[in-house]
Protein chains: 2
Amino acid sequence: MIMKKLQFILLFLCLTFTSFINAQIPAGAKSPSTNIRENDYPFILPDLRVVFKVNAPEAKKVQIDLMKLYDMQKDASGNWTVTTEPQEPGFHYYSLVIDDVKVADPASKTFFGMGRMASGIEIPEAGADFYSIKNVPHGDIRNVSYFSKVTNSWRNLNIYTPPGYDENSNKKYPVLYIQHGGGEDESGWAVQGRTNIVLDNLIAEKKAEPMLVVIPNGNVTRPGENFTGYSEQAMQAFKEELLENIIPFVESKYKIKTDRENKALAGLSMGGGQSFYTGLRNTDIFANVGIFSSGLFGGIPQSGSSFDPEKIIPGILTDAESFNKKLDVFYISVGEQDQRIDATKKLIGVFKDKGLKVHFSSFPGGHEWQVWRKSLHDFAQKLFK
Amino acid sequence: MIMKKLQFILLFLCLTFTSFINAQIPAGAKSPSTNIRENDYPFILPDLRVVFKVNAPEAKKVQIDLMKLYDMQKDASGNWTVTTEPQEPGFHYYSLVIDDVKVADPASKTFFGMGRMASGIEIPEAGADFYSIKNVPHGDIRNVSYFSKVTNSWRNLNIYTPPGYDENSNKKYPVLYIQHGGGEDESGWAVQGRTNIVLDNLIAEKKAEPMLVVIPNGNVTRPGENFTGYSEQAMQAFKEELLENIIPFVESKYKIKTDRENKALAGLSMGGGQSFYTGLRNTDIFANVGIFSSGLFGGIPQSGSSFDPEKIIPGILTDAESFNKKLDVFYISVGEQDQRIDATKKLIGVFKDKGLKVHFSSFPGGHEWQVWRKSLHDFAQKLFK
């Protein structure tokens, strides 16, 4: 009898304890859209701190690398937990680090960035729903293959077709070619960037012209070579890929207006550098150029000591008026906390001194996707009008 | 003088040693297509053994889980290596295991399977190029969003449109709806399955009719519920999603022939079970049903003790002739090394005894993607003729 009462009390205590454990996912906590569906962790607290939990009883050290490296604390059942500092809104790559090995966290979706399939976490931004899916007409993201004579291989690109593209069989559309950053690929703007949702919403609000958006893989190396970044050879390889393979391919397959006023070239970071080189050297092909968060201008080790735009784009300072005539939209943006901002603002000052028309926008944030989504949202509204 | 000679000898020895290290990636070794581009490891030897190397100086234990668990050996520089047994050809999910934590290997691409983003490795099969990209006309894979009244949320699906789809503006196409397995999603058939490449090649060879292939997310749960697998509730939820949301959506948006003779429903594993239930219960909607590697029939713990098809599909045994009249193609396949094969063959025997027309194919391999690619390749050639 006493034993039964004891068992009952123990059972009651166990159930209470279990409820207490479950209650550790507090009311108001949100599950990020980047979680694999069933996972409780990580979760986001109302003040945007993030709580991670990982089961790793045998590991010596477990950390989360999210904007900075956090040590996790191990409990008696082998679960490691940490609560981060409040996070900036937007999409952030992150890593789970087990005994100093950086890996993707099995709890989250992966995204191609940092040169590998990396974890990402989406921190909501209050009031920013321009990249949330809404009940408006939606376009498609199409993944297609083409043969590149530069890399001598089959390559894939993504292409956004706006709502109505299939139905309006005789209508031709303007096109934005948009490049990812270093360590990324053609999935960047399609997935992390939410290009289709940003454009669907802008088109529904009649703030952007219906357009196609071509999203290439900007990692272009000739067989046997390995030029990267801001080298002339890498820039040449990219230019050739875009002008001689990608553009002819999409123009043969899609209903596209082929004149320069209906073409735009933009990119982020390394892709911004590619747009600077290839766009501004080919204003007879592109009347619209956008450069988001480029390190080309300075502020990072790869930039070199001082940037002279006239060296890369002859005439851009000494004959700014000829560029003003050719470019309908020339747009530069950067994040306010991005180390590239000072060099970028300095260059804007130089351009304006020389009479070059350029639109400059800055957005809260560092070198990351929230700034690029906002840049696309801003830039797209200026195009083809 | 002696010191200089000594330095020269040491330098020579170092260079030789370095060459020896580099020579450890032997001639004839191949880099799998699933590697992130620049990575030397893993690589595949001519006899299909795979060599893995992971840098993890601080880890206590590092393993590779590829069809079985392999312990890796650590060297003095903190690199862990292992050479596996020869691998079966095809695509295999695998894991890197660090101190018993299963994660994705940063060296490889990730794929949604096993309920998370998991590593995969592609082992080539000599003579099997039906899923290799060729210089033939290519279709697109389109990723589109639709609103589900079953899950009360926006959902994505992939859809393959065959070459010529856009150009032939008045032509309508038959459609195959095809389901992934447990722990997978709508990317399964699109990425791991290479549906677009298999169909592009078959269409070019005139072995398959040009068709659309709709690739849904078969993980369908009503808000607040959690029925899964072969339960009636899970099957009902899937059926409703397919018949009341997905089919009306694609028929409103794409140029599709809507009669039953021009519809097929197929799936692998859990998706095969879904096709069995939803296809065979709705032969007024689907004239073609394909079931690849389903555990529904027996052979796995979830199957239950004995499978009675008449219980799920009344009349299938007692009135086989009515099914023969309705079904143009009824197709069942399984891998020869799949534990489900005995129960599957037993069911085929029962079906044939009762006069039910069914095509049975088996392929070398276990419960995996090479069998499903071959099943699709086989099944697609029978459809819509």
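Calculation rules
Residues numbered from 1 in each chain as written. Chains lettered and ligands numbered in written order. Predicted model: local features only at pLDDT ≥ 70, side-chain atom pairs only at ≥ 80, totals over all residues. Heavy atoms only, no water. Helix = DSSP H or I, 4+ residues; strand = E, 2+ residues; numbered from the N terminus. Buried < 20%, exposed > 50% of the residue type's maximum accessible area, 1.4 Å probe, protein only. Contact = heavy atoms within 4.5 Å. Areas by Shrake-Rupley, 256 points an atom, 1.4 Å probe, with all protein chains shown as cover. Lys, Arg positive; Asp, Glu negative; His and termini not counted. Charge placed at Lys NZ, Arg CZ, Asp CG, Glu CD. Core = buried A, V, L, I, M, F, W, Y, C linked by side-chain atoms within 4.5 Å. Least-squares fit on C-alpha atoms with pLDDT ≥ 70 in both. Salt bridge = Lys/Arg side-chain N within 4 Å of Asp/Glu carboxyl O. Axes fitted to C-alpha atoms, helices over the stretch in contact; angles between N-to-C directions. Left-handed = near helix turned anticlockwise from the far one by under 90°. Nonpolar A, V, L, I, M, F, W, Y, C, P; charged D, E, K, R; others polar. Polar contact = N/O pair within 3.5 Å; in protein donor to acceptor, adjacent residues only side chain to side chain. Buried area = accessible area lost by both parts, 1.4 Å probe. Pairing = 2+ DSSP bridges. Domains from an automatic or database assignment. pLDDT = per-residue confidence, 0-100.

A word on the overall build of chain A
Scanning chain A from terminus to terminus reveals nine helices and 18 strands. By principal-axis analysis of the C-alpha atoms, chain A measures approximately 95 × 50 × 40 Å. The 385 residues of chain A split such that 57% are buried. Of all intrachain contacts in chain A linking residues separated by at least 6 positions in sequence, the fraction that spans at least 24 positions is 69%. As displayed, chain A offers around 16,500 Å² of accessible surface, 54% of which is attributable to carbon and sulfur atoms. Distance between charge centroids for chain A: 3 Å, based on 43 positive and 44 negative side chains.

A word on the nonpolar core
One finds Phe52(A) and Phe52(B) to be the most contacted residues of the largest nonpolar core, which totals 40 residues. The contacts of Phe52(B), once residues within four sequence positions are left out, are Tyr41(B), Pro42(B), Ile64(B), Leu66(B), Met72(B), Trp80(B), Thr81(B), Val82(B), Thr84(B), Tyr94(B), Asp105(B) and Ile121(B).

Thoughts on the relation of the copies chain B and chain A
Of the two same-sequence chains, chain B is brought onto chain A (RMSD 0.0 Å, axial shift 0.0 Å) by a rotation of 180°. The transformation relating the two chain copies, once decomposed into turn and shift, fits a two-fold axis. Among all residues of chain B, the one whose C-alpha sits closest to the rotation axis is Arg142(B), at a distance of 2.1 Å. Of the interface residues in chain B, 100% have counterparts in chain A that sit at the interface too, so the contact is made through matching surfaces.

Remarks on the pattern of salt bridges
Taken as a whole, this structure holds 48 salt bridges over all chains when the rule is applied. Across the pair Arg260(A) and Glu261(A) runs a salt bridge, and its minimum N-O distance is 3.8 Å. A residue is classified by how much of its surface remains accessible, and Arg260(A), at 18% relative accessible area, is buried. A salt bridge links Lys207(B) to Glu205(B), with the shortest nitrogen-to-oxygen separation between them at 3.4 Å. One salt-bridge network, held together by shared partners, links Asp140(A), Arg142(A), Asp166(A), Lys253(A), Asp140(B), Arg142(B), Asp166(B) and Lys253(B).

As for the packing of helix 3 (residues 195–204) of chain A against helix 9 (residues 369–380) of chain A
Residues and elements named next belong to chain A. Packing of helix 3 against helix 9 leaves a shortest axis separation of 10 Å and a crossing angle of 35°. Relative to helix 9, the crossing made by helix 3 is right-handed. The residues of helix 9 that touch helix 3, namely those facing Thr195, Val198, Leu199 and Leu202, are Leu376, His377 and Ala380. Counted by class, the contact of helix 3 with helix 9 contains five nonpolar, two polar and no charged residues.

Examining the side chain of Glu122(A)
Residues and elements named next belong to chain A. Looking at where Glu122 falls in the secondary structure, it is placed in strand 10 (residues 116–123). Assessed through its relative accessible area of 7%, Glu122 is described here as buried. For Glu122, the side chain forms a polar contact with the side chain of Arg373, separated by 2.8 Å. With near-sequence residues (within four places) excluded, Glu122 lies in contact with Pro32, Ser33, Thr34, Ile44, Gly90, Phe91, Tyr131, Arg194 and Arg373.

Some thoughts on the interface of chain B and chain A
Counting from both sides, the interface comprises 38 residues of chain B and, opposite them, 38 residues of chain A. Both sides of the chain B and chain A interface together cover about 3,300 Å² of buried area, and 57% of this is carbon and sulfur. At the junction of chain B and chain A, the tally comes to eight salt bridges. Residue Arg142(B) is joined to Asp140(A) by a salt bridge in which the shortest nitrogen-to-oxygen separation is 3.6 Å. Taken together, the connections running from chain B to chain A amount to nine residue pairs in polar contact (both at pLDDT 80 or more). Only strand 8 (101–103), strand 9 (110–113), strand 10 (116–123) and strand 11 (140–148) of chain B provide two or more residues apiece to the side of chain B that touches chain A. In terms of residues, the side of chain B that touches chain A owes the most to one element, strand 11 of chain B, which gives six residues. Two elements, strand 11 (residues 140–148) of chain A and strand 11 of chain B, share three bridges in a ladder whose sense is antiparallel. Bridge assignment links Asn143(A) to a residue of strand 11 of chain B, and that residue is Ile141(B).

A word on the sheet that holds strand 5 (residues 73–74) of chain B
Residue and element names in this part refer to chain B. In spatial order, the strands read 1-2-6-5; together these four strands make up an open sheet with antiparallel pairing. This sheet does not close on itself; its edge strands, each paired only once, are strand 1 (43–44) and strand 5. Taken together, the five bridges between strand 2 (residues 50–55) and strand 6 (residues 79–83) define a ladder with antiparallel strand orientation. From the neighbouring strand, Asn55 faces strand 6, where its bridge partner is Asn79.

What about the sheet that holds strand 6 (residues 79–83) of chain A?
As summarised here, the arrangement of the four strands in space is 1-2-6-5 (chain A), forming an open sheet in which the pairing is antiparallel. Taken across any chain shown, the strands that pair with only one partner, and hence form the sheet edges, are strand 1 (43–44) and strand 5 (73–74) of chain A.

Brief notes about the domain arrangement of chain A
All names here are of chain A. The domains assigned to chain A are domain 1 (2–123) and domain 2 (140–380). Of note, the centres of domain 1 and domain 2, computed from C-alpha atoms alone, are 37 Å apart. Tallying the contact residues gives 14 residues for domain 1 and 11 residues for domain 2. Where domain 1 meets domain 2, there are two salt bridges. Across the salt bridge formed by Arg194 and Glu122, the nearest N and O atoms sit 3.6 Å from each other. Those elements giving two or more residues to the side of domain 1 that touches domain 2 turn out to be strand 7 (90–98) and strand 9 (110–113). Residues belonging to the side of domain 1 that touches domain 2 are distributed by class as follows: seven nonpolar, five polar and two charged.

Focus on the pairing of strand 18 (residues 359–363) of chain A
Remember that side chains alternate between the two faces of the sheet whenever the strand is regular. Pairing between strand 17 (residues 329–335) of chain A and strand 18 of chain A: five bridges, direction parallel. Opposite Ile332(A), over in strand 18 of chain A, you have Phe360(A) as the bridge partner.

Observations concerning the confidence of the model for chain A
All names here are of chain A. Here chain A shows a mean pLDDT of 94. Residues at 70 or above account for 94%. Residue range residues 17–23 is modelled with pLDDT below 50. Its contacts to residues more than four positions away, or to other chains, number zero contacts. Here the predicted complex carries an ipTM of 0.91, next to a pTM of 0.92.

Let's talk about the pairing of strand 13 (residues 175–179) of chain A
Residues and elements named next belong to chain A. Most of strand 13 sits inside the fold, with five of its five residues counted as buried. Neither face of strand 13 is exposed, since Val175, Tyr177 and Gln179 on one face and Leu176 and Ile178 on the opposite face are all buried. Pairing between strand 13 and strand 14 (residues 212–215): three bridges, direction parallel. Looking at the pairing, Tyr177 lines up with Val214 of strand 14.

Observations regarding unusual backbone geometry
Residues and elements named next belong to chain A. Omega for the bond connecting Tyr41 with Pro42 falls within 30 degrees of zero, at -5°, which places this linkage in the cis form. Note that Pro42 resides in the loop between helix 1 (2–22) and strand 1. With a phi close to 60°, Met114 is a non-glycine residue in the positive phi region. Looking at where Met114 falls in the secondary structure, it is placed in the loop between strand 9 and strand 10. The class for Met114 is partly exposed, based on a relative accessible area of 46%. One non-glycine residue, Ser293, adopts positive backbone phi at about 55°. Relative to the helices and strands, Ser293 is located in the loop between strand 16 (288–292) and helix 6 (309–312). Given a relative accessible area of 0%, Ser293 falls into the buried group.

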